[in-house]
Amino acid sequence: MLSDDLVTLRAHVAADVEPAYRMCQDPVMQQWTTIPVPYLREHAVGFITEVVPAGWQANTSWAWAIEYAGEYVGTIDLRDGEGGVGEVGFAVSPDVRGNGVMTRALRLVVRYAFDVLGWERVIWRAYVGNFASRRVAWKVGFHGLVTIPGGGRSRGVRKDEWVATVGRDDELEPKGSWWTVPVLEGDGVRLRPLREADAQRVMEACSDERTQHWLSGMPSPYTLDDAKGFIDSRQDAAASGEAVAWAIADAGTDELLGNVSVFGLSSRMDKTRGEIGYWMHPDARGRKVMAAAVQLVIAHAFRAAEDGGLGRRRLLIRCADVNTASAHVAEANGFTKVGGERRADPRRDGSYDNMLTFDLLAEDVLRG
Ligand SMILES: CC(C)(COP(=O)(O)OP(=O)(O)OC[C@H]1O[C@@H](n2cnc3c(N)ncnc32)[C@H](O)[C@@H]1OP(=O)(O)O)[C@@H](O)C(=O)NCCC(=O)NCCS
């Protein structure tokens, strides 16, 4: 039995069959785990009365019932510890999610793996897109996340998989930042997280001739799937601490007008820098919306991390010297032109433009 002030991990009992069976009807549970679908009562009976005790007896897998507020709410298990490395798996019932139950349970079980089973490393695996599971693992210190295409298997279907690990000498605390994307409002502009429904507008904006010209790394032609992939990838970038991206939305209709992001946030050399990048849908250009959006982003980027900001000290904007609209956004926000690189910005026709660098220091803003 393992416990802290919120959860207790104990042996499964026959009375857990009913709540376990109910939990396994949850579509989210079915989507992200390998349980049989349809999930029958006999599956729960077999798991709790046969599979779990057999694992403990054979010393090959170790599963605990999670008790929270006096009720069975889920299961967490360790398995395959050969050579001192094994995996963890977990699930909690939908009605108690978001209360920190699994974060507590995982910390207890990882400690058990190191202190009692003598493991060196615990592996966490999840299908790509299971951000709730990824966040639990991140909170308990799992790191070095990689994506393995087709690495996961679910009822006969291969799925892309995330894998991360924690070692016995690691602190069981988050490594690196997981940025949230707050709604920022001001000057008639609203910045909010990107969402799936923005895909059409993203596709239109990124297919536009001028966007394609200045951002030559973008796919061409730019399809709806590219737009969906971009939106998904921004969630990943925030979770890995790399970047924060917002949809610039119309304050009245909430329709996407453009995109602004701060990237390069997890540079090993300097964790206090960030680079701002942006593009605008053609029908929203020329109304100073981007200048207003960047102003909101600057304030958020310079705010201390403890106060919900990005804790930056120095921001950069880079653009081709002939991209006057982009340079204007930097200058309108008080950035200083600090340098240029010759023939550094590739165009699709094989030519290169000179690139300008603008920067803004937190102290510039304080000085006003
Ligand atoms: C994954 C799971 C076990 C998490 O359990 P839980 O008790 O809700 O976990 P916690 O409350 O400790 O932490 C969940 C964290 O994820 C966050 N979260 C939830 N959904 C999220 C999402 N879609 N994107 C980002 N974060 C998300 C929560 O806000 C919380 O973080 P916070 O405390 O910082 O706000 C639960 O969602 C579950 O059982 N899912 C189905 C089974 C499953 O996926 N198992 C793992 C297979 S790898």
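See the structure above.
Residues numbered from 1 in each chain as written. Predicted model: local features only at pLDDT ≥ 70, side-chain atom pairs only at ≥ 80, totals over all residues. Heavy atoms only, no water.

**Student:** Explanation requested: helix H5 (residues 131–139) in the structure shown.
**Tutor:** Since there are 3.6 residues in each turn of an α-helix, residues three or four apart along the chain are aligned in direction. Buried residues of H5: Phe 131, Ser 133, Arg 134, Val 136, Ala 137 and Trp 138, and no others. Residues of H5 that are buried make contact with strand E5 (85–92), helix H4 (101–115), strand E6 (121–127), strand E7 (143–154), strand E8 (157–167) and helix H8 (224–239). Gly 141 lies just past H5 and shows a positive phi near 100°. (Buried < 20%, exposed > 50% of the residue type's maximum accessible area, 1.4 Å probe, protein only. Helix = DSSP H or I, 4+ residues; strand = E, 2+ residues; numbered from the N terminus. Contact = heavy atoms within 4.5 Å.)

**Student:** Looking at this model, I keep getting lost on the side chain of Thr 75. Mind explaining?
**Tutor:** Residue position: Thr 75 is located in strand E4 (residues 71–79). Given a relative accessible area of 11%, Thr 75 falls into the buried group. A polar contact of 2.8 Å, which involves the side chain of Thr 75, links it to the side chain of His 12. A polar atom in the side chain of Thr 75 sits 2.7 Å from the side chain of Tyr 72. (Polar contact = N/O pair within 3.5 Å; in protein donor to acceptor, adjacent residues only side chain to side chain.)

**Student:** When you look at the environment of Phe 90 in this model, what are you seeing that I'm missing?
**Tutor:** Considering the arrangement of structural elements, one finds Phe 90 in strand E5. Of the residues examined, Phe 90 reaches a relative accessible area of 18% and is grouped as buried. A sequence separation of 15 residues divides Phe 90 from Thr 75, and the C-alpha atoms of the two residues are 5.8 Å apart. Setting aside anything within four residues of it in sequence, one finds Phe 90 in contact with Thr 75, Ile 76, Met 102, Leu 106, Trp 124, Ser 133 and Val 136.

**Student:** Any chance you could explain the packing of aromatic side chains here in plain terms?
**Tutor:** One pair of aromatic rings is described through two measures. These are the centre distance and the angle between the planes. This model, assessed by the stated rule, comprises seven aromatic pairs. Between Trp 64 and Tyr 112, the ring centres sit 5.0 Å apart and the planes meet at 85°, which makes this aromatic pair edge-to-face. Of this pair, Trp 64 sits in strand E3 (residues 61–68) while Tyr 112 sits in helix H4, and the two are 48 residues apart along the sequence. Take Trp 64: its relative accessible area is 3%, and that puts it in the buried class. Among the residues examined, Tyr 112 registers a relative accessible area of 16% and is labelled buried. (Phe/Tyr/Trp six-rings, centres within 6.5 Å; stacked < 30°, edge-to-face > 60°.)

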